[in-house]
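Below are the chains, spelled out letter by letter.
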Amino acid sequence: MPILEFQNVSKIYNGSTRALSEVSFSINEGEFVSIIGPSGSGKSTILRCINRLVDASQGVIRFDGHDILKANKNELRTIRTKTGMIFQHYNLVERLSVIENVLHGRLGHKSTLGGMLGIYSEEEKENAFAILAKLGLTEQAYKRCDELSGGQKQRVGIARSIMQSPRLILCDEPIASLDPSSSKVIMDHLANINDTMKITCVVNLHQVDVVMKYSKRIIGITSGHIVYDGPPEKLTKEKIYEIYQSNEGDLITDVG
Amino acid sequence: MENNKKLKENISIFTKRKQTFTLAFLGVIVLFGLASFITNFNVIEGFESIPKAVVWIATNLVPNEKSWSRLPNILSKLIETALLSVAVTVCAGICAFFFSLLGTRATRINPWIGRIVRFIAAFFRNVPDVVWAMLLLFSFGQNILTGFFALFFTTFGMLTRTFIETIDEVSSQCVEALTATGSNYIQTVFQGIVPSAMSEIVTWVLFMIETNIRSSTLIGVLTATGIGYIFDLYYKRLDYGAASLVVISIVVLVIGIELISNQIRKVIM
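The model shown is predicted, which means the values in this text are computed figures rather than measured ones. Think of each chain on its own: its residues are numbered from 1, step by step along the sequence as written. The order in which chains are written sets their letters, starting at A; the order in which ligands are written sets their numbers, starting at 1. Totals for whole chains, interfaces and linings use all residues, but because this is a predicted model, local features are given only for residues with pLDDT of at least 70 and pairs of side-chain atoms are given and counted only at 80 or more. Values shown for side chains rest on all heavy atoms present in the structure; no hydrogens or waters enter the calculation.

### With respect to the overall build of chain A
In step 1: Comment: elements are numbered from the N terminus, with helices defined as DSSP H or I runs of at least four residues and strands as E runs of at least two. The helix and strand inventory of chain A stands at nine helices and 10 strands.
In step 2: Relative to a compact globule of 256 residues, whose C-alpha radius of gyration would be 18 Å, chain A shows 18 Å and is just as compact.
In step 3: With a 1.4 Å probe rolled over the protein chains alone, any residue whose accessible area is under 20% of its type maximum counts as buried; one over 50% counts as exposed, and the rest are partly exposed. Looking at the 256 residues of chain A, the share that counts as buried comes to 54%.
In step 4: Contact criterion: two residues are considered in contact whenever any of their non-hydrogen atoms come within 4.5 Å of each other. Put simply, of all contacts in chain A between residues at least 6 apart along the chain, 68% involve residues at least 24 apart.
In step 5: Carbon and sulfur atoms make up 49% of the accessible area of chain A, which totals about 11400 Å². Just to be clear, the radius of gyration here is over C-alpha atoms, and the globule rule we use is 2.2 Å times residues to the power 0.38. Using the Shrake-Rupley algorithm and a 1.4 Å probe, accessible areas are obtained, with residue cover drawn only from the displayed protein chains.

### Looking at the pattern of salt bridges
All names here are of chain A.
In step 1: Any carboxyl oxygen of Asp or Glu within 4 Å of a side-chain nitrogen of Lys or Arg constitutes a salt bridge here. Scanning the model with the defined rule gives 25 salt bridges over all chains in all.
In step 2: Of the charged contacts in the structure, one is a salt bridge between Asp172 and Arg48, with a shortest N-O distance of 2.6 Å. Here the residue Asp172 occupies a position in strand β7 (residues 168–172), and Arg48 occupies one in helix α1 (residues 43–50), the gap between them amounting to 124 residues. Take Asp172 and Arg48: they sit in the same class, and that class is buried.

### As for the packing of aromatic side chains
In step 1: Here is the rule: rings of Phe, Tyr and Trp (six-membered ring for Trp) pair when centre to centre is within 6.5 Å. Planes less than 30 degrees apart are stacked, more than 60 are edge-to-face, and the remainder are tilted. Inspection of every chain in the model, using the stated rule, returns 20 aromatic pairs over all chains.
In step 2: Ring geometry for Phe123(B) versus Trp132(B): centroids 6.1 Å apart, planes at 90°, classification edge-to-face.
In step 3: Residue Phe123(B) is classed as partly exposed on the basis of its relative accessible area, which comes to 45%.
In step 4: Through successive ring pairs, a cluster of aromatic residues spans Phe99(B), Phe123(B), Phe124(B), Trp132(B), Phe140(B), Phe148(B), Phe149(B), Phe152(B), Phe153(B) and Phe156(B).
In step 5: A ring is scored as having a charge over it whenever the NZ atom of a lysine or the CZ atom of an arginine sits within 6 Å of its centre and within 35 degrees of its normal. Looking at Lys11(A), its charged tip hangs above the ring of Tyr13(A), at a distance of 4.9 Å from the centre.

### Describing the environment of Thr155(B)
In step 1: Following the sequence through the fold, Thr155(B) ends up in helix α7 (residues 144–180).
In step 2: For Thr155(B), the contacting residues outside a window of four places in its chain are Val88(B), Thr89(B), Ala92(B), Met208(B) and Asn212(B).

### Thoughts on the sheet that holds strand β5 (residues 66–67) of chain A
Residue and element names in this part refer to chain A.
In step 1: Note: two strands are recorded as paired if DSSP finds a minimum of 2 bridges between them. Strands sit in the order β2-β1-β4-β5 across an open sheet of four strands; the sheet is antiparallel. What marks the edges here is a single partner per strand, and that holds for β2 (17–28) and β5.
In step 2: Sheet topology places strand β1 (residues 2–13) next to β2; eight bridges connect them, and they run antiparallel. Paired with Leu4 across the strands is Ile27, a residue of β2.

### Notes on unusual backbone geometry
Residues and elements named next belong to chain A.
In step 1: The phi angle at Asn91 is positive, at roughly 50°, despite the residue not being glycine.
In step 2: One can find Asn91 in the loop between β6 (83–86) and α3 (98–103).
In step 3: For Asn91, a relative accessible area of 3% puts it in the buried group.
In step 4: One non-glycine residue with positive phi stands out, namely Glu173, at about 45°.
In step 5: Mapped onto the elements, Glu173 comes out in the loop between β7 and α7 (180–196).
In step 6: Exposure remark for Glu173: the relative accessible area of 13% places this residue in the buried category.

### Notes on the interface of chain A and chain B
In step 1: The partner chain B presents 22 residues to the 28 residues of chain A that form the contact.
In step 2: Where chain A packs against chain B, one counts one salt bridge.
In step 3: We call two N or O atoms a polar contact when they sit within 3.5 Å, provided that within protein one can donate a hydrogen and the other can accept it, with sequence-adjacent residues counted only if both atoms are side-chain atoms. Here chain A is connected to chain B by 12 residue pairs in polar contact (both at pLDDT 80 or more).
In step 4: Those elements that provide at least two residues to the side of chain A that touches chain B are α2 (73–82), β6 and α4 (112–117) of chain A.
In step 5: Top contributing element to the side of chain A that touches chain B by residue count: α4(A), with four residues.
In step 6: Among the residues forming the side of chain A that touches chain B, the class breakdown is 10 nonpolar, 12 polar and six charged. Three residue categories are used. Nonpolar comprises Ala, Val, Leu, Ile, Met, Phe, Trp, Tyr, Cys and Pro, charged comprises Asp, Glu, Lys and Arg, and polar comprises the others, including Gly.

The following block contains the structure:
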């Protein structure tokens, strides 16, 4: 039973720019899927169509039994609570403390007034601290987010998304602004979440070597079309050149 | 051959820029000459009269024994004016915050409403507060309400515009993230936008309080209220000592407010 299903999904921006054309794939519960492709090929659009930060123009998207494109306001809110999202630029409220940012993951479950005033139950607070401990951020809990390093900020982003108790986590280039060591920490945490908590992960990535190492399945996308969908072992060099529409020797992975 | 042509084009850009500057400079000179001719303004005479003015101020505009007795009255008007400015700015600030949410890219309901909001803000801002005061004199007469609304309108327009820019700058990313967690509009505003934009918002409100204290002095002359009115009164009675005491007290107040708001800014940043 797939948790997420795309059937002939297209997205056209401003009536002319075609970001996705007739994209179809399905993802089973517990999978760790990476999406690769050149900048502007539609990777971000795919992720944003799932939680409707972007509305797809045509096709059907099913997530956990919901028809996403037909969901009304309340259903959409439920769908969003079930899908965590992690961003390249972390997208935290920088002036608030780490723990407050983690608790933001509960907003979708709360009443308007409770969420507006930031009233959280003891249980939620304990849960937030437990998640921070798991991600090694206990000491940072009361620091303001603008005092943190990039890697720490991204871990706060992960904590916020786990706090939602999601079925699916969407990661939009989670390590694109991080150094190699923080990148490894973040990818390890994501792999661990996928492994122990059985949360499905869909990750947009630029680093082909990272993709090969962490994912069990890779989707390659070029100008809005899926050109590869399969395990990392079958992703040949030729296929990679096709995805990035370049010739041998033109990719950074070819150096050295 | 091809290269040579490009090089020549590049050089001609500099020549063009020089020509534009020269033309603009000449244009300004001509405008100045024309305007001076029409208004019978003489630059040299204007500058010559400055020393005379300074001497007049130094001899006439000095508080004397009698004017010090008017100090309690002046101070009470001064405090009234300052409090009015604070009240106006805070009211306008709160209204402007909620209004600006309809104008930002991150939180507007649709692009058309956003455009309308920006237009309304521009209108209120671009009509000077003195003109608002003149207009409102017809409906409210010489009343403290006239001054209140005149300042309210310009402050509202100005703050709406700056809040829209501030919110777009500091909170579009966290709005996206909070929306993705399933947070609704009001929750996103209070948990995302308010904390991330608050310090800038407070800075702008403080700035507008300072500006409004200055403007309210002038508007008071028109609406016959507050510190502006008693200055007008003393001046026309030729009680220059008391009038100068008013001026000095305004200067002290403005500097005082400036110092206080600098301190507040340091704390909240």
